[in-house]
Structures are given as structure tokens and as C-alpha cells.
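# Structural description and commentary
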Amino acid sequence: MPKERPTSAQSRTAWIDDMDTYGSGGHARPDSQFEFRAREDADLPMENEFGQKPGSRSDRGKEQTQVARPKPVGIFGKIGRGIRSLWATRQTEETKGNRELHVKTTLRELIIYIVFLVILCVVTFGMTSTKMYYYTKVMSDLFLSTTHSGGGTFQTLTNVDDFWKFSRETLLKGLYWEKWYNGDDITNPDDLGYIYYENKLLGIPRFRQLKVSSNSCVVHEDFKDVIRHCYDSYSDNLEDKTSTTADHPGYTAWTYKTEEELDGSSHWGQLTTYSGAGYVQELVGNNYTSAKALVDHLFNERWIDRGTRAVFIDFTVYNANINLFCVVRFLVEFPATGGAIPSWTFRTVKLIRYVTVQDYFIMACECIFVLFIVYYIVEESLEIKKHKLSYFKNVWNILDILVILLAILCVAFDVYRTVEVDNKLSVLLENPDKFADFEFLSYWQTRFDNAIAIAVFLAWIKIFKYISFNKTMTQLSSTLGRCAKDLAGFAVMFFIIFLAFTQLGYLLFGTQVKDFSNFQNSFFTLFRIILGDFDFHQLEAANRVLGPIFFMLFVFFVFFVLINMFLAIINDTYSEVKGDMANQKNEFEMGDYFKRGYMKMVEKINFKRDKIVDIQEALKTADINQDHKLEFDEWRTDLKTRGYADSEIEALFAKYDVDGDRILDSAEQKRLTNDLEEQTTAINKEYDNLEKTGHRPGTARSGISENDDTGDESDDDESGTKSSRSGRASSGVSYEEFTVLSRRVDRMEHSIGSIVSKIDAVLVKLEAMEKAKLKRRETMGKILDSITESDGNSDEMKREQMEKLVREELERWDSETSFSPSGRGASPGSGNSSRGVRARSRPNSGNPVSSEV
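Here is what the cut-offs are and how they apply
All residue numbers refer to position in the chain's written sequence, counted from 1. Given that this is a predicted model, residues contribute local features only at a pLDDT of at least 70 and side-chain atom pairs are listed and counted only at 80 or more, while totals for whole chains, interfaces and linings are drawn from all residues. Remark: hydrogens and water are excluded; side-chain values derive from all non-hydrogen atoms of the structure. In this text, helices come from DSSP runs of H or I with a minimum length of four residues, and strands from runs of E with a minimum of two, each type numbered from the N-terminal end. Using a 1.4 Å probe on the protein chains alone, a residue whose accessible area is under 20% of its type maximum counts as buried, one over 50% counts as exposed, and one in between counts as partly exposed. Cysteine sulfur atoms that come within 2.5 Å of each other are treated as a disulfide pair. Working rule for contacts: check all heavy atoms of both residues, and any pair within 4.5 Å makes them a contact. What we call a nonpolar core is a set of buried Ala, Val, Leu, Ile, Met, Phe, Trp, Tyr and Cys residues that are connected through their side-chain atoms within 4.5 Å. Note on definitions: salt bridges are taken to be side-chain nitrogens of Lys or Arg within 4 Å of carboxyl oxygens of Asp or Glu. Any two strands between which DSSP finds at least two bridges are classified as paired. Here a Phe, Tyr or Trp ring, Trp counted by its six-membered ring, pairs with any other such ring whose centre lies within 6.5 Å, and the pair is stacked when the planes are under 30 degrees apart, edge-to-face when over 60, and tilted otherwise. Whether a charge sits over a ring comes down to the Lys NZ or Arg CZ being within 6 Å of the ring centre and within 35 degrees of the ring normal. Confidence scores here are pLDDT values: one per residue, from the predictor, ranging 0 to 100. Axes, fitted as lines to C-alpha atoms, cover a helix only where it is in contact. Angles between the N-to-C directions of the axes lie from 0 to 180 degrees. Angular relationships are summarised with four words: roughly parallel below 35 degrees, roughly antiparallel beyond 145, roughly perpendicular across 65 to 115, and oblique for the angles in between. Working rule for handedness: look at the near helix, and if it is turned counterclockwise from the far one by less than a right angle, call the crossing left-handed; if clockwise, right-handed. Excluding any residue in a salt bridge, patches collect residues exceeding 30% relative accessible area, merging like charges within 9 Å and nonpolar Val, Leu, Ile, Met, Phe, Trp and Tyr side chains within 5 Å. Note on areas: Shrake-Rupley, 1.4 Å probe, and residue coverage restricted to the protein chains presented here. Any residue outside Ala, Val, Leu, Ile, Met, Phe, Trp, Tyr, Cys, Pro, Asp, Glu, Lys and Arg is labelled polar, Gly included; the first ten of those are nonpolar and the last four are charged.

### A look at the environment of His-628
In this fold, His-628 is placed in the loop between α17 (590-621) and β10 (630-631). Here His-628 falls in the exposed class, since its relative accessible area comes to 56%.

### Quick look at helix α19 (residues 646-656)
By the criterion of burial, α19 is predominantly enclosed, with 11 of the 11 residues buried. Where α19 is concerned, the buried positions are Asp-646, Ser-647, Glu-648, Ile-649, Glu-650, Ala-651, Leu-652, Phe-653, Ala-654, Lys-655 and Tyr-656.

### Some details on unusual backbone geometry
With a phi angle near 55°, Asp-263 is a residue other than glycine that sits in the positive phi range. Position of Asp-263 relative to the elements: it lies in the loop between α6 (259-262) and β4 (267-268). The exposure class of Asp-263 is exposed, given its relative accessible area of 55%. A positive phi angle is found at Asn-323, which is not glycine, with a value near 55°.

### What to know about the state of the cysteines
Following the criterion strictly, the structure yields one disulfide and no others. Paired by a disulfide, Cys-217 and Cys-230 hold their sulfur atoms 1.3 Å apart. Its S-S torsion of about -105° marks the bond between Cys-217 and Cys-230 as left-handed, since a negative value means left-handed. One end of the pair, Cys-217, is in the loop between β2 (199-211) and β3 (256-257); the other, Cys-230, is in the loop between β2 and β3, with 13 residues separating them in the sequence.

### A few points about the environment of Tyr-231
Take Tyr-231: it is sitting in the loop between β2 and β3. Residue Tyr-231 is classed as partly exposed on the basis of its relative accessible area of 21%. Considered as a pair, Tyr-231 and Val-212 are 19 residues apart in the sequence and their alpha carbons are 6.5 Å apart. Each residue touching Tyr-231, except ones within four places of it in the same chain, is listed here: Val-212, Ser-213, Ser-214, Ser-216, Cys-217, Arg-306, Gly-307, Arg-309 and Ala-336.

### Quick notes on the nonpolar core
Ranked by internal contacts, the top residues of the largest apolar core, which has 43 residues, are Phe-163, Trp-303 and Phe-330. Counting only elements with at least two residues in this core, the list comes to α4 (130-144), α5 (160-175), β2, α7 (288-300), β7 (308-319) and β8 (324-333). Not counting chain neighbours up to four residues away, the residues in contact with Phe-163 comprise Leu-157, Phe-207, Ile-304, Val-311, Ile-313, Val-332 and Phe-334. Counting residues in hydrophobic clusters, the runner-up holds 33 residues, among them Ile-119, Tyr-376, Val-403 and Ile-404.

### Details of the pattern of salt bridges
Summed over the entire model, instances satisfying the criterion amount to 18 salt bridges. The partner of Arg-353 in a salt bridge is Glu-366, and the shortest N-O contact between them spans 3.0 Å. Here the residue Arg-353 occupies a position in the loop between β9 (341-349) and α8 (357-387), and Glu-366 occupies one in helix α8, the gap between them amounting to 13 residues. With respect to burial, Arg-353 and Glu-366 carry one shared label: buried.

### What to know about the pairing of β8
Among the 10 residues that make up β8, 10 are buried, leaving the element largely enclosed by the rest of the structure. The alternating pattern of β8 places Leu-324, Cys-326, Val-328, Phe-330 and Val-332 and Phe-325, Val-327, Arg-329, Leu-331 and Glu-333 on opposite faces, both of which are buried. Of the strand pairs in this sheet, β7 and β8 are connected by 10 bridges, and their pairing is antiparallel. Residue pairing across strands places Thr-316 opposite Val-327, the latter belonging to β8. Linking two consecutive strands that pair antiparallel, namely β7 and β8, is a turn of four residues; a positive phi of about 55° is found at Asn-323 within it. Of the strand pairs in this sheet, β8 and β9 are connected by nine bridges, and their pairing is antiparallel. Residue pairing in the sheet places Val-327 in a bridge with Arg-347 of β9.

### Looking at the packing of aromatic side chains
Applying the stated criterion to the full structure yields 53 aromatic pairs. Note on Tyr-443 and Trp-444: the rings are 5.3 Å apart at their centroids and 85° apart in plane angle, and the pair reads as edge-to-face. Residue classification places Tyr-443 among the partly exposed residues on the basis of a relative accessible area of 32%. With a centroid separation of 5.8 Å and 35° between ring planes, the pair formed by Phe-490 and Phe-566 is classed as tilted. Of this pair, Phe-490 sits in helix α13 (residues 484-509) while Phe-566 sits in helix α16 (residues 546-582), and the two are 76 residues apart along the sequence. Geometry around Phe-448 places Arg-417 over its ring, the cationic atom sitting 5.4 Å from the centre.

### Remarks on the confidence of the model for the protein
Summary statistics for the protein give a mean pLDDT of 77 and a share of 76% for residues scoring 70 or more. Scored below 50 in pLDDT, residues 1-68 makes 156 contacts in the model with residues more than four places away or belonging to other chains. Under a pLDDT of 50 for its full length, residues 695-731 has, in the predicted model, 60 contacts with residues more than four places off or in other chains.

### Description of the side chain of Asp-400
Tracing the chain through its elements places Asp-400 in helix α9 (residues 395-430). Setting aside chain neighbours within four positions, we find Asp-400 in contact with Glu-380, Tyr-391, Lys-462 and Lys-465.

### Digging into the packing of α9 against helix α10 (residues 439-461)
Contact pair α9 / α10: the axes reach a minimum separation of 9 Å and the direction vectors enclose 155°. Taken together, the axes of α9 and α10 lie roughly antiparallel to each other. α10 is crossed by α9, and the crossing has left-handed handedness. Of the residues in α10, those in contact with Trp-396, Leu-399, Leu-402, Val-403, Leu-406, Cys-410, Phe-413, Tyr-416, Arg-417, Glu-420, Val-421 and Lys-424 of α9 are Phe-440, Leu-441, Trp-444, Gln-445, Phe-448, Ala-451, Ile-452, Ile-454, Ala-455, Leu-458, Ala-459 and Ile-461.

### Regarding the side chain of Ser-343
Within the secondary structure, Ser-343 sits in strand β9. In contact with Ser-343, not counting residues within four places along its chain, are Phe-154, Gln-270, Arg-329, Phe-330, Leu-331 and Glu-333.

### Description of a nonpolar patch on the surface
On the surface, Met-493, Val-545, Leu-546, Ile-549, Met-552, Leu-553, Phe-556, Phe-557, Phe-559, Phe-560, Val-561 and Met-565 cluster together into a nonpolar patch covering about 1000 Å² of accessible area. The element best represented in the nonpolar patch is α16, accounting for 10 residues. Along the chain, Val-561 falls in helix α16.

### Focus on the packing of α13 against helix α14 (residues 519-530)
Where α13 contacts α14, the two axes come as close as 9 Å, and the packing angle between them is 120°. Here α13 lies oblique to α14, going by the angle between them. Read as a crossing pair, α13 and α14 show a hand that is right-handed. Residues Phe-494, Phe-495, Phe-498, Leu-499, Phe-501, Thr-502, Gln-503, Gly-505 and Tyr-506 of α13 pack against Phe-519, Ser-522, Phe-523, Leu-526, Phe-527 and Ile-530 of α14. Its residues assigned to classes, the contact of α13 with α14 shows 11 nonpolar, four polar and no charged.

Structure representation (C-alpha cells):
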């Protein structure tokens, strides 16, 4: 007896709106590409591998093999697998043997990296704007281009007198704006302290001087009586640290303070690097009159003397309109040669980061950027763990580490700057008449901007790592990699000649031409000559003979010979790479991958449509007795012929058999028909969406037959599906068909088994015959030997002896063939063979031996 079929009420839950998944926006869940699986219920028996249930009518009394289902994964296992997949890369996954996995992993890496790159660009470009340039230009024009009473500017400053004219006139007038543009005085205190009426002067400006002590250098003995004081060039150990505050009460300009006391930092000038210590004087009073009196006092008391080597003027302004700081420093160096060398820095930085809504959006992007950095740290750690030291042999991996390190440094400084700016502003608001030292912060802010700029540059270069699957994208790296050895050898030769010309130019023209004034300038000047930026007349004016000779030799050897050798190496290598790539295929074609995905989607939709068509046809043809009532047996018989499993048939029937009488009446059939029409409409909408991206293919069957013609079955194997199979045909066969096929296979196995056993017997017999043949040869040899040795016997005796030996041998042959080693007797040909031998061996003449021999 078969197992009792579940009631419709129980089976109804097994469907679980499976057909509803074909509705608007829904997607069916195929067990394979062309087989849909009804969700299991506690009361629904498990299907076997042929799509049928144990205990069904077609399975009655038959023993079926159950499907080997994978071991269920727990919730923690799924979470762990999901977390592990977040860091799946081509270096952590085995993608060499799985082409589709390689494609998916590469695309996933590329998409994630593009998101990271977008976030990085948003963070970077959110820190800067064109306003910074114009702010710097406005401040630099005010102080650098304004002329003083002597007719010069700060840029044309050449001596101490020019410095004091700049300080007493241009500087003070630029710092203190106490009149409106119409000449009226500014009476409101809140309007004072602004440059250009918009830029707030933070704190007060500061003068700082560095000096060297007297007799810091050695005077030649011939001049000791004439030159009694000597002041060397600046260095830390030669600084003059004596204080003469008692001679100038109320002023700090003659009091030496260390770098720690000033909380200062060193500065790299035109001539040398200067420490953060020195003699400091702040412009107290915060108005033009007080500042003018203080600067006049310094001028009158000869604050700058022969030992002065550098004077710094520092101040900071803040523009609230654009939320930018401008940290200004003027430096005038007084070399031991005399005269003055001016230099300046205007650092426009955004130290207060979060004010507007846009700033807070940038802060959110910065948080996401930090998460990306953590993500890539974990990713690179996993790759290092897997590949060990071989990880560092890949240039792209080194680039990854470099980008991560730069990003970590930038994040650390971002936090430090935010905290430090808050502290400094708090101190400044409490003491507005103190010097606001933002020099250190502005310096490291510019270093931060430089680091983040380099990180962005490297991040863009890193895109080649993810698009290297295309042979066109690897031309640059392949060319450089292949000619690296040749370029290394060429670089040695090039720099030997180039450095020789650098030293020659420095020694020949260093005393007269600024571009060759030191080794560094000479080096870069020669690079500029290669690019066509040179001043031949300067060289000719410096030395009328050696100047032109130097220029022509350099142009000939470097420009005409070495540069063309370099280009030849690159061109030859590029031609080789181009030729190799012409015969090389891409790792994978992105278009083909998306095309296959598109075709799979189309096939899935076609399968949905075919299934709905089958159900609609079943509604029309299953009612055999035409009583407008569809019984379950009629429903099942019709759908079984269409290749559907019992579980699907019963689940769909149970969904619409509301009353559970195992019959679909007119109302229930109408409801099913309406649902199918809605699902058909939804599928047509999906087709319309697909038409926007490509040509509309035919049905699943026609589409699959095209794939069969192309023979591209291997690619589909990699994706876990076979596109050469039709949708409904793979949903299983009936049990009757399976039984017939099973019997045929059993008969075939039995027949093959008997044939194999007979072949084994024949092989054994042939082996026995081969052994017998060898024994016969030995026996015949003995007979001949015995006849030859018996010389004393008569011919009659020899004949009898010969006949006797031959009969014995023939009897032995017959006994051997009668009992074969296989136990089946002699083969059909063996008896005939023995009889044939016997007939030939009998004497028909007087010399039987000769006939046998």
C-alpha cells in the first residue's frame, strides 16, 4: 500500500506563493537553471533525484535513491562565510582554474576600489578650493608689490636700509587699516584689526632676529691689525646668545630666547636652515601708532647690526567669510657677504574644518574613508598571511602598502590638527594681545596636503591593478618591465655623463650665472636645457670661449645621442610588446561576461513564461470529461506528461484548492487563470526592460539551441549551468521511463559481463596453447636427437621407435586439449586442430618422419 497522500490543506503550504514569484518584480528560485524547486514543508515528503516523492503512485513499491543534500549551515556559519567573502580577492581566492570566479572577483574588487577612490577624491577636493589661490594672491600683492618711499618693494630688497623702509612703511600700513577708503577714521573698535576690512589679524605680529657672535671666524694674520671683528655665516653653534635687556628697558628685542621657550621650529631659508630661537619683539598696542613707535625705536637703536644673519616677520590673518587662515612669514637673510636676500611664505590653509553643511558632509566621507582604510588593512593582512614574503615581490602590493601608510598618517594628523587648533584658539581668545603662532600647524598642514595629494596620485595609478585583465591596459607596464634592465644600464651611462657636465658647469659658471651658482641649481639647469629652456647668452657672457663649447658638447652628447638612445630602447621594446600582444588573448572579455549574464537572465524569464504557458494549456486540456471540474488525477496526468514533479503538481493544485475536495471548480480555475495572466503581464514588463539593453531573444528553447551551435558549453560549465539544455526537459522524467531505462542498462551490463568473461577464457586458452606449442618443439627436438644418436640400430627399429614416440606425444596432446585450464573443455577449434595434427603425422609412405619434419 502506498503512503497516504497529504491533504490539500497540508500541501497548500508547500507552494508558498511559488507562482507568485513570477508576478511583478518577482524572481523564481530555480534549483538549477531550468528546474524550480517548491519549498519544503514539515508535512511534505522530500523529493527524490527524479523530482518525485516517496510513496507517490508512480513510485509505489519502488526503492529510490534520495538526493544528497548539503549539510545545513548554521547562522554563525553563514555570518562567517559572509564576512569572509567581504575580503575575497584574486590573491586570497583560487581563481586561476575558475574563469567566472576570476571575473566576479575582479569586478567586485574594481567596484569597491572605485567607491574608495570616489570617497578619497571627495575628501581631498573638499579640503581645497580656488578661493585659497585668490586669498594668497590678495595678501601677497598687498605686502610684496606695494612700493615704499624709496621706490622699491619687498621683492627688490637688497640692503638693511630697504628692510627698514619696508618695515616702517609698507608692512605697518598693510597690517593696520585705521581709515576707511574715503579717508574717514574707523571709530568702531569692532571694525579695527582687519586687513582689507575682511581679514582679521590674529594676535599681534612678531619680529625675530638671529645673530652670530663676534670673532666667530678666523681672520688671516696679515689683516688682524686692520680687521678686528669677524662675523661668520650662520650656524647653530655660532649663534650670539647674549642678552642686553638692561640697556633697553621695556623691550624684549635684545633678550635671547631658546627654541623651547618660544615653542618655535626651524626654517629652511635661501642660504641655510635657521633655528626657532632668537631675539624677539612683538608689536604691542595693536594699532598703527604704537607699532610705528616700536619699529622706529628698533631702527634708531640699530637692532640690526653686523652680526645679524636673519630677520623674521610673522603674523596670521583669518577670513571668516571663506573660513581660511593665511599664515605669513617674511624672511630677510643678511649673508656674510653683505646685502640682503628676501624670501617669503604665504600658507593659506583650512584649519577649522567643520563649519558648514558641506563640511559635515566631508566629515562623513572622512569616516567612510577610515572604514575603507580598516577594510584594506584587513585585506592586505590576509594576503600577507597567505603569500608570506612572496607578497612583497609584487609591485602592486607595495603600492597598496604605501597608500595605506600615507592614509594612516593623514588620518592621524587630521585628528591632531583638529585638537591643536581648538587649543590654540582657546588660548588666543583668552590673550588677544599675544602672538598667534600658527606657523608649525600651517607647515604640517601643507605637508598633510602634499601627502594626501600623493596618496590620490598613487590611488589613481593603482586602477591599473584592477584593469590589467585587458591586454591594451598592460602595454605600459609590460613595456617598462621588459626594458627595465636595458634602462638600468642606460641610466648608469647617462648619469655619468650628465653629472660630469653638471660639475663642469658649476665650476665654470658658478661665480657669475645664478643657474649654476651651486651644484643643485646646475643639475636642474641642465635638465631644463634638455627640454629647451636655456639662456645661451648668459653662458656666453660668463665665458666667451668655454661657454659656447660647453653648450654645444652638452647638446650633442646628451640631446642628440643619449636621449635618442633612450627613445630607441623604449620604441624597440614597445614594438616587441605590441607584437606579442597581437597574438595574446585577454584574460577575459568584460563584454562577453555581461552578455552571458544577460542571456542567463533572458533564459530565466523564458523559463518562467514557458511554465506559465504549460499551466495555461493544462487548464484547457486536463478536463477530459468536459465537466468544467478539474480533478487532481486529471491535473496530475496532464502535467506529468509535461515533465513536472509530483511535489510541484500537488503544491500548485493545493494552493488553489481552497475547499480541499481535490477538485478545482470553475471559481478556483478562474482565480488560477487570473493569476497566470497577471504573471504573464509582469514577465512582459521584464522583457520590455531587457529590450532597452539589447535585442530581444526568442524563447528559452530557441535561445538554447543557438548556444548549442556555438559550442560554448565550457564557459557555461564554469558558471555552474549548462546553457545547452532546454528549460523543461531537465525538470525530470517519469518513473515509467526511468524504469525502462534502468532495465535496459541492467541487460546491457549483463551482456557486457558475459562478453568480458568469454574474452578472458579465450585469452587463457591462447596462453595455454602457446605453452603447449613450446613443449611440442622441445619434444620434437628430443625425438630427432634420439634418432640421430642411435646409429647402431637398423632402419626398422628406428622406424618403430620413431612411431612409438610420435603416438605417445599425440596422446599427450589429446589429453591436454581435453582438459583446458578454464574447465570449459576445448574450444571449438582446438579439437579440429588436434585431429589435423594426428592425420598429418600418420605414416602414408615409407618415411613418415620426413613428412612430419
